[in-house]
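# Chains, contacts and geometry: an overview
Each chain is listed here by its residues.
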Amino acid sequence: MAPKDSTFLGWPVLRQLASGDFLGRGNAVTSRRTRETEPRTSTADRVVQSVCPYCAVGCGQRVFVKDEQVVQIEGDPDSPVSRGRLCPKGAASEQLVNSPTRQTHVLYRAPGATDFERIELDEAIDMVADRFLASRRAKWQDHDEHGRPLRRTMGIASLGGATLDNEENYLIKKLFTAAGAIQIENQARI
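Residues numbered from 1 in each chain as written. Predicted model: local features only at pLDDT ≥ 70, side-chain atom pairs only at ≥ 80, totals over all residues. Heavy atoms only, no water.

## Overview of the pattern of salt bridges
In total, this model carries two salt bridges according to the counting rule given. Between Arg 46 and Glu 68 there is a salt bridge, and its shortest N-O distance comes to 2.9 Å. Taken as a pair, Arg 46 in strand β1 (residues 46-51) and Glu 68 in the loop between β2 (60-66) and β3 (69-75) lie far apart in primary sequence, 22 residues in all. Classification of Arg 46 as partly exposed rests on a relative accessible area of 39%. Residue Glu 68 is classed as exposed on the basis of its relative accessible area of 60%. Here Asp 144 and Arg 148 are joined by a salt bridge, their closest N and O atoms 2.7 Å apart. The class for Arg 148 is partly exposed, based on a relative accessible area of 48%. (Salt bridge = Lys/Arg side-chain N within 4 Å of Asp/Glu carboxyl O. Helix = DSSP H or I, 4+ residues; strand = E, 2+ residues; numbered from the N terminus. Buried < 20%, exposed > 50% of the residue type's maximum accessible area, 1.4 Å probe, protein only.)

Written out as structure tokens, the structure reads:
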């Protein structure tokens with residue numbers, strides 16, 4: 001065990017000489033604070049696998065959770081896409097989750113209004129569904145000018161996000177196709 005760091009004998013150079021660690025690559029150059037520091041990941045209750053939300057690459061992430069709070073996000077070494085690596089933005093995902101400015105409520109700005117108001121999620125979903133159906137109904141094309149069947153709507157379109165997986169994109173494609181939309185695209189393909 002190294003002497004206390006606060007004394008003259010605790011200086012790193014003296015510890016190096018006393019321990020024979022002449023290159024300064026071992027415990028001789030490690031401070032007491034460093035030795036006592038514990039990584040946030042070691043105290044996590046569980047680790048959840050996830051995918052980075054930022055771009056189309058789909059890097060794997062390991063989300064460390066303690067007391068139902070995200071304490072750290074790191075690259076997933078088991079991911080065949082990123083093999084444990086994350087870009088600076090992906091590495092900062094924990095800040096996205098724990099930011100004090102993160103919006104956690106649905107905000108709605110009525111037509112002509114200047115301010116947003118807080119509404120319930122169920123109300124927002126109902127509003128989106130009502131507008132979806134109204135737009136589909138208003139722009140429905142049953143036949144073209146020659147009487148050929150079209151059975152489509154030009155009133156709705158879909159642009160999927162790149163962080164959606166194949167299954168989610170498949171279901172979105174089926175939903176919009178069943179609704180009669182023909183303008184269906186995905187960010188990952190653009």
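From this point, the discussion proceeds with the structure in view.
## Remarks on a negative patch on the surface
A contiguous patch of negative charge, built from Glu 117, Glu 120, Asp 122, Glu 123, Asp 126 and Asp 130, is present on the exposed surface. Element by element, the count of residues in the negative patch is highest for helix α5 (residues 121-138), at four residues. Mapped onto the elements of the fold, Glu 123 is located in helix α5. What makes Glu 123 partly exposed here is its relative accessible area of 41%. (Patch = residues over 30% accessible without salt bridge, like charges linked within 9 Å, V, L, I, M, F, W, Y side chains within 5 Å. Areas by Shrake-Rupley, 256 points an atom, 1.4 Å probe, with all protein chains shown as cover. Lys, Arg positive; Asp, Glu negative; His and termini not counted. Charge placed at Lys NZ, Arg CZ, Asp CG, Glu CD.)

## A few points about the domain arrangement of the chain
Note on interface size: it is often stated as the accessible area lost on association of the parts. Taken domain by domain, the chain comprises domain 1 (8-37), domain 2 (46-98) and domain 3 (107-189). The C-alpha-based centres of domain 2 and domain 3 are spaced at 30 Å. (Domains from an automatic or database assignment.)

## A short note on the pairing of β3
Of all seven residues that make up β3, five are buried, and the element is covered over most of its length. As defined by bridge partners, β2 adjoins β3 across six bridges and the pair is classed as antiparallel. Bridge pairing in β3 links Gln 61 to Gly 75. (Pairing = 2+ DSSP bridges.)

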